[in-house]
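# Observations on the three-dimensional arrangement
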Amino acid sequence: MPAPREVTLIPGDGIGPSITDATVRLLAAAGAPITWDRQIAGMTAVKELGDPLPEAVLDSVRRTKLALKGPLETPVGKGFRSINVALRKEFDLYANLRPAKTVLPGLRFDNVDVVLVRENTEGLYVGIENYVKVGDDPHAVAQSVAVVSRVGAERIARYAFEYALKHGRKKVTIVHKANILKYSQGLFLETGRAVAKEYEGRVACDDKIVDACAMELVMRPERFDVIVTTNLFGDILSDLTSGLVGGLGLTPGANIGYEVGIFEAVHGTAPDIAGKGIANPTAVMLAGCQLLDHMGEQVRANRIRAAIEATLRERKTVTGDVGGTATTEEYTNAVIARL
Ligand code: NAI
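What comes next concerns the included structure. Owing to the predicted nature of the structure, the values given are computational and were not obtained by experimental measurement.

### Considerations on the sheet that holds strand S12 (residues 261-265)
Taken in spatial order, the 10 strands make up an open sheet running S2-S1-S3-S12-S11-S4-S5-S10-S8-S9, and their pairing is mixed. The sheet is open, and its two borders are formed by strand S2 (34-38) and strand S9 (204-209), each paired with just one other strand. Adjacent strand axes in the sheet meet at a mean angle of 25°, parallel and antiparallel pairs treated alike. Where strand S4 (residues 95-101) and strand S11 (residues 252-256) come together, 3 bridges link them in antiparallel fashion. Bridge assignment links Asn96 to a residue of S11, and that residue is Asn255.

Here it is in structure tokens:
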């Protein structure tokens, strides 16, 4: 058994504490070598400390380099920074990794297994926007600048190919719109293809225009393996791939930088069901598996995934969002029993 590693745990707001507790219980039952450093953020931290992202959270992540995070409510109003953007910037979390795999039976597709790698720091989300005044209309024209750098494109492409190699994936598809956006998307495609050459014979590569990719994903998703794409396209396509496998309650997302990895569910705090004990903890549990993968604990992660998948497939003890009547606790116990 390896020495335990310290990981920051941010339980989060709304359903966050109950689904992260369920995940901590499951990882402990699987013998994961982790000790948790619990830290509060979001509304919980605003109420207690007046700051949604206290310095103690950042200090903890700087030290541990790893965090499992429940969903956070960013307070509405001026003076509060967006917690997720702040974390992404602080730790340069350039890769957003969202796997989508069919587990539930009876959906439109029964063989989806796509890993979407989204560039997380550049593209249209850099926040360079302005209005242009024409005549007496100050908002006559609006502009948003998309930034693609060779360094940014290269590191995300390399991340996708390295991920493919490490996880036995066969192909990386570069998704772009270089036929129209010849400069920014052109640079992304050209850089991606150059990186692909280094992996020739080990990982195959093709590329697709984003609109054609969207159509093919909903018609023949089994043709895709790993997708790498820019920020906005990745944002949209990763919700699409989540939809192919049954929705946000089942999809984890990892945010990875050179040094730090932050693992979370894709969904939010679900205020409508918070405190009722009925939330589905699967997405955070799968984020916990991504955390274990990242720590080099793939065997344990796969064992947990198999227990989750078997419990979901059986559909006997599952939560309301996936057609069952079990509580968070009952579902968690069923997964643990399957380990
Ligand atoms: P949401 O994802 O919290 O909820 C959307 C719907 O899905 C709701 O009906 C909810 O009950 C259901 N749902 C979500 N997760 C579920 C689960 N695990 N089990 C069962 N049902 C589940 O999205 P919404 O309502 O737009 O956002 C609520 C809050 O969450 C907002 O304050 C938002 O800012 C925050 N948020 C935080 C995120 C993060 O920290 N990563 C991501 C997305 C939203």
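### Describing the side chain of Asn280
Along the polypeptide, Asn280 turns up in the loop between S12 and helix H9 (282-294). Polar side-chain contacts of Asn280 include one of 2.6 Å to the side chain of Thr282. Within the structure, the side chain of Asn280 is placed 3.0 Å from the side chain of Asp321, a separation counted as a polar contact.

### Observations regarding the pairing of strand S5 (residues 113-119)
Most of S5 is tucked away, with 6 of its 7 residues classed as buried. In terms of strand pairing, S4 meets S5 through 7 bridges, oriented antiparallel. Residue Lys101 lies in a different strand from S5, and its bridge partner there is Asp113. Bridging between S5 and strand S10 (residues 226-229) involves 4 bridges; their strand directions are parallel. The partner of Leu116 across the bridge, within S10, is Ile227.

### Re a nonpolar patch on the surface
On the surface, a cluster of nonpolar side chains totalling about 200 Å² of accessible area is made up of Val126, Ile128 and Val145. In this fold, Val145 is placed in the loop between strand S7 (137-144) and helix H5 (150-166).

### Digging into the site of the ligand
Inspection of the region around the ligand gives 18 residues, with Leu72, Gly268, Ala270, Asp272 and Asn280 positioned closest. Take His267: an N or O atom from its side chain is 3.2 Å from a nitrogen atom of the ligand. Taking Asn280, its main chain carries an N or O atom lying 2.8 Å from a nitrogen atom of the ligand. About the coverage of the ligand: the protein hides 63% of its 820 Å² of free accessible area.

### Topic: the pattern of salt bridges
Tallied over the entire structure, the rule returns 26 salt bridges. Salt bridges sharing partners connect three or more residues here, namely Glu55, Asp59, Arg62 and Glu90.

### Here's the deal with the nonpolar core
Counting residues in each nonpolar core, the largest one holds 66 residues, and the members touching the most others are Val117, Ile308 and Leu312. Lining this core are residues from two domains, each supplying at least three of them: domain 1 (1-97 + 245-339) and domain 2 (108-243). With residues near it in sequence (within four places) discarded, Ile308 still touches Leu26, Thr282, Met285, Leu286, Tyr331 and Val335.

### Section: the environment of Val148
Position of Val148 among the secondary structure elements: in the loop between S7 and H5. A relative accessible area of 16% means that Val148 is categorised as buried. For the pair Val148 and Leu49, spaced 99 residues apart in sequence, the C-alpha separation works out to 38 Å. Every residue in contact with Val148, bar those within four places of it in the chain, is listed here: Glu122, Ala153, Ser184, Leu187, Phe188 and Thr230.

### Quick look at the packing of helix H1 (residues 16-29) against H9
With their axes 9 Å apart at the nearest point, H1 and H9 run at an angle of 45° to one another. Relative to H9, the element H1 lies oblique. In the crossing of H1 with H9, the sense of the turn from one axis to the other is right-handed. Taking contact as the criterion, the partners of Ile19, Thr20, Ala22, Thr23, Leu26 and Leu27 in H1 are, on H9, Val284, Met285, Gly288 and Leu292. Along the lines of polarity and charge, the residues of the contact of H1 with H9 split into 7 nonpolar, 3 polar and no charged.

Reading the values: rules and limits
Residues numbered from 1 in each chain as written. Predicted model: local features only at pLDDT ≥ 70, side-chain atom pairs only at ≥ 80, totals over all residues. Heavy atoms only, no water. Pairing = 2+ DSSP bridges. Helix = DSSP H or I, 4+ residues; strand = E, 2+ residues; numbered from the N terminus. Axes fitted to C-alpha atoms, helices over the stretch in contact; angles between N-to-C directions. Polar contact = N/O pair within 3.5 Å; in protein donor to acceptor, adjacent residues only side chain to side chain. Buried < 20%, exposed > 50% of the residue type's maximum accessible area, 1.4 Å probe, protein only. Patch = residues over 30% accessible without salt bridge, like charges linked within 9 Å, V, L, I, M, F, W, Y side chains within 5 Å. Areas by Shrake-Rupley, 256 points an atom, 1.4 Å probe, with all protein chains shown as cover. Salt bridge = Lys/Arg side-chain N within 4 Å of Asp/Glu carboxyl O. Near = heavy atom within 4 Å. Core = buried A, V, L, I, M, F, W, Y, C linked by side-chain atoms within 4.5 Å. Domains from an automatic or database assignment. Contact = heavy atoms within 4.5 Å. Parallel < 35°, antiparallel > 145°, perpendicular 65-115°, else oblique. Left-handed = near helix turned anticlockwise from the far one by under 90°. Nonpolar A, V, L, I, M, F, W, Y, C, P; charged D, E, K, R; others polar.

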